[in-house]
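If you want the building blocks of each chain, they are given just below.
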Amino acid sequence: MTSAYVGRFAPSPTGLLHAGSLVAALASWLDARANHGRWLVRIEDIDGPRNVAGAAEGILEQLAACGLVADESPLRQSARTALYEAALARLQASGLAYACGCSRRDLELAVAPEAGRARHAELVYPGTCRGGLNGKAERSFRLRTDLVRPGAPGDPVVWTDRRLGPRSEDVATSVGDFVLRRADGVWAYQLAVVVDDADQGVSDIVRGEDLAGNTARQILLQHALRLPTPRYLHTPLVLAASGEKLSKQTGARPLELSRPLDALRAAGGVLGLPAEGTTLAEWLAAGVAAWRERWPLA
Ligand code: GLU
């Protein structure tokens with residue numbers, strides 16, 4: 001059934017779109033159009049200090065210049081914290097979330113000695129506060145990853161990405177009890193994205209491959225909250241000259257609004273789409289047809 005297709009592009013307003021972020025925006029738009037679905041834009045602005053003034057409006061203008069216009073007026077996560085609060089309360093009531101009093105330093109002391117971890121590796125939370133705060137002040141909230149089991153007890157999270165194929169991750173051992181609300185009171189991306197995608201009826205998540213590593217955590221949270229799991233397709237990344245992912249840090253420049261067709265052609269090239277056209281509308285229509293052929297929904 002494609003009638004209930006709802007897709008979305010969910011930029012964080014930390015800067016304007018560049019060639020890399022346009023690929024994800026275009027792919028999610030093409031997939032929605034190819035499946036006669038709705039396409040939403042959600043501004044992920046919960047991490048206040050990282051927001052750049054005017055970036056949200058700028059992103060919407062860039063999208064519009066490329067012919068990518070949402071079917072509903074864009075939501076902003078900053079206006080939706082009551083939903084995240086309610087989700088955390090539900091998880092706590094069912095014993096799946098708990099307050100944690102560990103600082104980053106506590107974690108480093110608890111994890112580093114026996115594990116000999118690489119310097120910048122993510123610290124796997126050892127579950128220190130599962131049994132209570134032990135006199136420490138409440139800082140963050142975490143998910144009991146050991147108690148949420150989408151499959152049989154002991155099974156990892158398994159899912160199939162439409163582009164990357166079958167994936168599997170045991171979140172309890174790869175990340176441990178991850179954060180739902182940070183010590184500074186900011187809602188974690190994982191919680192906000194899961195709550196919003198379900199609340200907006202999103203059936204299909206099409207986004208950059210740099211986010212693929214979050215999918216298992218998000219699926220686990222969907223199970224914990226008894227929410228449906230969408231389909232996933234992670235798009236190829238645009239690399240900077242250094243071979244790293246193109247980002248502001250690796251020198252990406254904001255897309256030029258004056259040449260949207262060139263930007264679309266470049267993004268289409270990254271997605272392997274043989275689309276042609278001399279106007280935006282022509283190119284986009286050819287893009288939808290090429291996308292449908294390349295990435296049909298199973
Ligand atoms: N707001 C997230 C980001 O810009 C993307 C969220 C998503 O697509 O799941 O990194």
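Residues numbered from 1 in each chain as written. Predicted model: local features only at pLDDT ≥ 70, side-chain atom pairs only at ≥ 80, totals over all residues. Heavy atoms only, no water.

As for the sheet that holds strand β8 (residues 179–181)
- Pairing is antiparallel across the open sheet formed by three strands, whose spatial order is β4-β5-β8. Sheet topology places β4 (97–100) and β8 at the edges, where each strand pairs with a single neighbour. For this sheet, the mean angle separating the axes of adjacent strands, direction not counted, is 40°.
- Here β4 pairs with strand β5 (residues 140–143) via four bridges, running antiparallel. (Pairing = 2+ DSSP bridges. Helix = DSSP H or I, 4+ residues; strand = E, 2+ residues; numbered from the N terminus. Axes fitted to C-alpha atoms, helices over the stretch in contact; angles between N-to-C directions.)

So, the pairing of β5
- Alternating residues of β5 divide into Ser 140 and Arg 142 and Phe 141 and Leu 143, and every residue in both groups is buried.
- Across two bridges, the pairing between β5 and β8 is antiparallel. What sits directly across from Arg 142, in β8, is Val 179. (Buried < 20%, exposed > 50% of the residue type's maximum accessible area, 1.4 Å probe, protein only.)

Concerning the side chain of Asp 197
- Residue placement: Asp 197 occurs in helix α6 (residues 189–199).
- Side-chain polar atoms of Asp 197 contact the side chain of Arg 42, separated by 2.9 Å.
- Contact partners of Asp 197, with chain neighbours within four places excluded, come to Arg 8, Arg 42, Val 202 and Ile 205. (Polar contact = N/O pair within 3.5 Å; in protein donor to acceptor, adjacent residues only side chain to side chain. Contact = heavy atoms within 4.5 Å.)

So, the packing of aromatic side chains
- Under the defined criterion, the tally for this structure stands at two aromatic pairs.
- Both rings, one in Trp 291 and one in Trp 295, keep their centres 6.2 Å apart while their planes meet at 45°; by these two values the pair is tilted. By the burial criterion, Trp 291 is buried, and Trp 295 matches it.
- Stacked on the ring of Tyr 125, the Lys or Arg Arg 142 has its end atom at 3.7 Å from the ring centre.
- The ring of Trp 187 is capped by Arg 181, whose NZ or CZ atom sits 5.5 Å from the centre of that ring. (Phe/Tyr/Trp six-rings, centres within 6.5 Å; stacked < 30°, edge-to-face > 60°. Lys NZ or Arg CZ within 6 Å of the ring centre and 35° of its normal.)

Considerations on the nonpolar core
- Core analysis: the biggest nonpolar cluster contains 42 residues, and Leu 22, Leu 26, Trp 39, Leu 63, Leu 68 and Trp 291 have the highest contact counts within it.
- Taken together, the elements giving at least two residues each to this core come down to α1 (19–34), β2 (38–43), α2 (55–65), α8 (260–270) and α9 (280–294).
- At 10 residues, the largest contribution of residues to this core is made by α1.
- Sequence-distant contacts of Trp 291, defined by excluding residues within four places in its chain, comprise Ala 27, Leu 30, Asp 31, Ala 34, Arg 162, Leu 233, Leu 271, Leu 273 and Pro 296.
- Among the nonpolar cores identified, the runner-up in size contains 34 residues, and Leu 96, Ala 97, Ala 99 and Ala 192 belong to it. (Core = buried A, V, L, I, M, F, W, Y, C linked by side-chain atoms within 4.5 Å.)

Quick word on the pattern of salt bridges
- Within this structure, the stated rule accounts for 22 salt bridges.
- We note a salt bridge from Glu 72 to Arg 38, for which the minimum N-O separation is 2.0 Å. Placement of the pair is Glu 72 in the loop between α2 and β3 (75–76) and Arg 38 in strand β2, with a sequence separation of 34 residues.
- Assessed through its relative accessible area of 37%, Glu 72 is described here as partly exposed.
- With a closest N to O distance of 2.7 Å, Asp 196 and Arg 80 form a salt bridge. (Salt bridge = Lys/Arg side-chain N within 4 Å of Asp/Glu carboxyl O.)

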